[in-house]
Amino acid sequence: MTRGAFERLAAAVLILLAVGGPAEARHHHHRATKPAATAPAKETGDQTVLRAKLGNGLRVIIVRNTLAPVVATSINYLAGSDETPAGFPGTAHALEHMMFRGSPGLSADQLANIGAMMGGDFNANTRGNLTQYLYTVPAEDVDVALNIEALRMKGIDSTEAEWTKERGAIEQEVAQDQSAPSYKLYERLRSELFAGTPYEHDALGTRPSFDKTTGADLKDFHKKWYAPNNAILVLVGNVDPEKTLAKIKALFGPIPRHALPARAKIDFKPVKPAIFTIDSDYPNYTRVIAMRFPGLKSKDYPALEVLVDVLSSRRFELYGLVAQGKALGTEFALEPLEKASIAYAAVSYAPGADGNALEAQVRAILEKVAKDGVSPELVDAAKLQERRATELQKNSIADLASVWSDAVALYGLSSPDEDLKRIEKVTVADVNRVAREYLKLDASISGLLLPKGSGKPVASSGGGGGMEKISLGEVKPTALPAWAEAAVNRLDIPATTLAPVVTTLPNGLRLIVQPTKVSDTINVYGHIRNRAETETAPGKDGVTFVLGTLFNFGTEKHDRLAFEKALDAIGAQERAGTDFSLHVLAEDFDRGVELLAEHELSPALPQAALTAVLPQLAQSVESRNHTPGYLAQRAMIEALFLPDDPSRREASGATVIGIKRDDVLAYYKTVFRPDMTTIVVIGNVTPEKAKEVIEKHFGAWVAEGPKPPVDLPLPPLNKPSIIAVPDDSRVQDNVLLAQNLTLARTNPDYYALALGNQVLGGGFYSTRLSIDLRKNAGLVYSVGSSLSAGRTRGNYYVQYASDPENVGKAAAIVVQNLKTMQEKPVPQDELDRVKAMVLRQLPLGEDSVDDIARGFLDRAEYDLPLDEPTLAAKKYVALTAAEVQAAFAKWIRPGDLVRITQGPAPK
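Residues numbered from 1 in each chain as written. Predicted model: local features only at pLDDT ≥ 70, side-chain atom pairs only at ≥ 80, totals over all residues. Heavy atoms only, no water.

1. Focus on the overall build of the protein chain
What the protein chain contains, in helices and strands, is 33 helices and 26 strands. The C-alpha atoms of the protein chain give 27 Å as radius of gyration, which agrees with the globular expectation for 907 residues (29 Å, within 12%). When the backbone C-alpha atoms are referred to their principal axes, the protein chain occupies close to 75 × 70 × 60 Å. Expressed as a percentage of the 907 residues in the protein chain, the buried residues total 61%. Carbon and sulfur atoms make up 53% of the accessible area of the protein chain, which amounts to about 33,400 Å² in all. (Helix = DSSP H or I, 4+ residues; strand = E, 2+ residues; numbered from the N terminus. Rg over C-alpha atoms; globule rule 2.2 N^0.38 Å. Buried < 20%, exposed > 50% of the residue type's maximum accessible area, 1.4 Å probe, protein only. Areas by Shrake-Rupley, 256 points an atom, 1.4 Å probe, with all protein chains shown as cover.)

Structure representation (structure tokens):
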């Protein structure tokens, strides 16, 4: 479960830190229900949009999208952390959690089982004035999702016993976020920019306030704010809109509306400039200069959106700091709230750089914009990029539901297209006016994330813990409501809508084409089979980072700015490298592929750029090698593999600073070859046209010499060890339990292990690890297990975060669960439930163009048939409990787990 804004800022900070480029009244008033007002369904491109307002005030938007047999629902309650009682900032967030703990007519166990059996793709997030509940399910299960949301709108149980259990989990979430430097940065920015208002804190909440909160408090918050007249239901997917609306009316129509409490008034005070520093466990420095901008409801917001796009352009001076080798990354972003927004410029740089001088340059660049305005050419480019982005939103069913929800529930618009229309009306004069008015550097907040490094990893015996009084073992069968029983117990093989056309070009390049008509875009995804550990020349470790950075400096035909200008001319989004991509409007497909091929096949890799970026890049790699996150990763690799294993190779500042342009060119020549490349084209295009364009621009690409080695050797089985990596910036421990496997992805046992892994960790509440560690014990906020199998070998992982005193207790529970999988067959009802979940996850893997394309590329990488999901479904249905037990007994070694912790010393 997430809270929205922090996750976006955290993601932005982490991207900047990446080396080298490669989250009314108190009573019901029963009134006569008015008939629903329904707007006629409207066709927009290949989509149908149906709107209605029920008599009780519930607004409904249904968007038909035929990409896959999938539906995404988003129920949006117009209440969040802004509506919480004084002293209880996390009330809305806590209620979000308790909505998964049962309602009258639907127990917590029933809800967990139903959610998992529908594919396990459900979540929620809480923001300032909005709380969203999200399901993505096979289209045939839409009735089940709607029944759940109708029951939860009517009421929740929120018993003290259930809240006591959930309090432990949500307090673990608080500790987890408070261990993240990017979260600390975000919270500090809010407190400085919005002091004295509900905006000064986000939705997370605090441990002391949760300790004072009761189950009755949360039920009261639900009663006040969770009303149909305070909600918007958005449904996107492959459905019949009219029939679906009839179901919605039947389920939600009888729920009574009621008066809503008055909302808090927000009175912003002038921003006082401030400077602060936060210790971090990141490798590089990041400085953020934040200002308060108008909010979503401001008439200036569309112009601000364009301004942000311009300041984020790679043709703008801010990114020029990266091109000059002065910074590792830059960004300008806007985090919108209803009545105000956080606008911030961020710059990341390696240790040793002059951060004060760099911040002064960023300020000077922004001050120049406020004084002189922006380039009209960049304004036009930003508007074209917005048009392309609006079309791309249609390429994912779940994302489209989210975009529609934000448009209507946050922005107060009628549709996402309305935002595009507003943006298209923005003039250069509008952009320059808002720049002058709101880029107030003299009223800004400056924050610094300061790298602190880490102590060396140490062998540890701490945190051994011991078993508490926790009921381990089998998940008991739960009787389901009649409306769910038949639907979720199906074990049918899901039908796929995919029919890829495969061609191998004369140069060995494999082309996969999948036509779709959900948007007027064409998307190209490419992957070159490669492995830096086996293809890098001795002593040249880190060359892949250098190459990834130099790809940002144009081509042999176009320098950096000219190439970015050519992309802007068609509104294309493009990336080159061993994983490359292009997203473009259909009308510009040929030109887009021409530019992609130019970038991929003839990058400039200029000496001047190498000279500029190499010192900071080398320093950044060296700094990375001393961060807790990297040390934890290295500790795991060294515990799992012998010193001569290729995975033990390591780049350092010394190896990077010694890399020459000839080294980069030699590595490029080794790795980049058509006979190791797969390209997927998916979108509004025919197979014939796709082949014509790809062959036209990639057909002359020729491989030289034998194929390089890319497969890793089989390792000896690892021995157990316990290693602690100190991290003073964290209040919680990140814990990884791991073992190596001599299991390839093509091994027949893979499917039995994968199915058993779903029993352990495949669902939110309803699988064994989650029930034991989260739901019953409250030791962790989340726990996940994963089976990773590559072309020759694999690993098995369990990962969680917990307080130091709970590390060993949780690990002991994990080990006991693994042993139980080996010693006892999974009960048939539990196995069938997990099979139902796995079968439903298959169509969910086709709910976006991105997922479809990456699925094809993954199967090509492992030499699997493109219809492997359907073949896998048949294998899962046929698997027996005895086969799963046997696979765990053969491959999983609970006594050999390596345990790596990052954070305080386990107790």
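Next, the rest of the story.
2. Description of the pairing of strand S2 (residues 47-53)
In terms of burial, S2 is largely enclosed, as 5 of its 7 residues are buried. With 6 bridges connecting them, S2 and strand S3 (residues 59-64) associate as antiparallel partners. By the bridge assignment for S3, Ala52 is matched with Val60. Hairpin connection between S2 and S3: a loop of 5 residues separates the two successive antiparallel strands, and Gly57 in this loop has a positive phi of roughly 100 degrees. (Pairing = 2+ DSSP bridges.)

3. Concerning the pairing of strand S18 (residues 521-528)
Extensive coverage of S18 is indicated by the burial of 8 of its 8 residues. Inspection of the sheet shows S18 paired to strand S21 (residues 677-683) by 7 bridges, in the antiparallel sense. By the bridge assignment for S21, Gly526 is matched with Ile679.

4. Quick word on the sheet that holds strand S19 (residues 573-575)
Pairing in this open sheet of 6 strands is mixed, and the strands run S16-S17-S21-S18-S20-S19 from one edge to the other. Edge positions in the sheet fall to strand S16 (501-504) and S19, since each has one partner strand and no second. Within the sheet, the average angular offset between the axes of one strand and its neighbour, ignoring direction, is 15 degrees. Looking at chain direction, strand S17 (residues 510-515) and S21 are connected through 6 bridges and run parallel. Looking at the pairing, Val513 lines up with Val681 of S21. Of the strands in this sheet, S18, S19, strand S20 (579-585) and S21 touch helix H21 (residues 589-601), which is tilted by about 160 degrees from S20. (Axes fitted to C-alpha atoms, helices over the stretch in contact; angles between N-to-C directions. Contact = heavy atoms within 4.5 Å.)

5. Notes on helix H25 (residues 661-671)
Regarding H25, the residues found buried are Asp663, Val664, Tyr667, Tyr668 and Val671. Burial along H25 is one-sided: seen end-on, the buried residues are contained in an arc of 135 degrees. Opposite the packed face of H25, turned more than 90 degrees from it, sit the exposed residues Asp662 and Lys669. Contacts from the buried residues of H25 go to S18, helix H18 (532-535), helix H19 (543-550) and H21. (Arc of directions from axis to C-beta.)

6. What to know about the sheet that holds strand S13 (residues 340-349)
Reading across from one edge, S10-S14-S11-S13-S12 is the order of the 5 strands in this open sheet, with mixed pairing throughout. The sheet is open, and its two edges are formed by strand S10 (274-280) and strand S12 (329-336), each paired on a single side. Mean inter-strand twist for the sheet, computed between neighbouring axes without regard to direction, equals 20 degrees. Here 5 bridges tie strand S11 (residues 285-294) to strand S14 (residues 445-451), and the two strands are oriented antiparallel to one another. Directly across from Arg287, in S14, lies its bridge partner Leu448. With respect to the sheet, helix H10 (residues 301-312) is in contact with S11, S12 and S13, its orientation differing from that of S12 by roughly 165 degrees.

7. Observations concerning the pattern of salt bridges
Applying the stated rule across the entire model yields 50 salt bridges. Of the charged contacts in the structure, one is a salt bridge between Glu162 and Arg101, with a shortest N-O distance of 2.8 Å. A residue pair is termed long-range when its members are at least 10 positions apart, and Glu162 in helix H5 (residues 160-178) and Arg101 in the loop between helix H2 (91-98) and strand S5 (102-103) qualify at 61 residues. One salt bridge connects Arg315 with Asp568, and the closest N-O pair in it is separated by 2.8 Å. Of this pair, Arg315 sits in the loop between H10 and helix H11 (317-323) while Asp568 sits in helix H20 (residues 560-569), and the two are 253 residues apart along the sequence. Taking the relative accessible area as the measure of exposure, Asp568 reaches 13% and is therefore buried. Several salt bridges converge on common partners, so that one network encompasses Glu140, Asp141, Arg490, Asp492 and Arg840. (Salt bridge = Lys/Arg side-chain N within 4 Å of Asp/Glu carboxyl O.)

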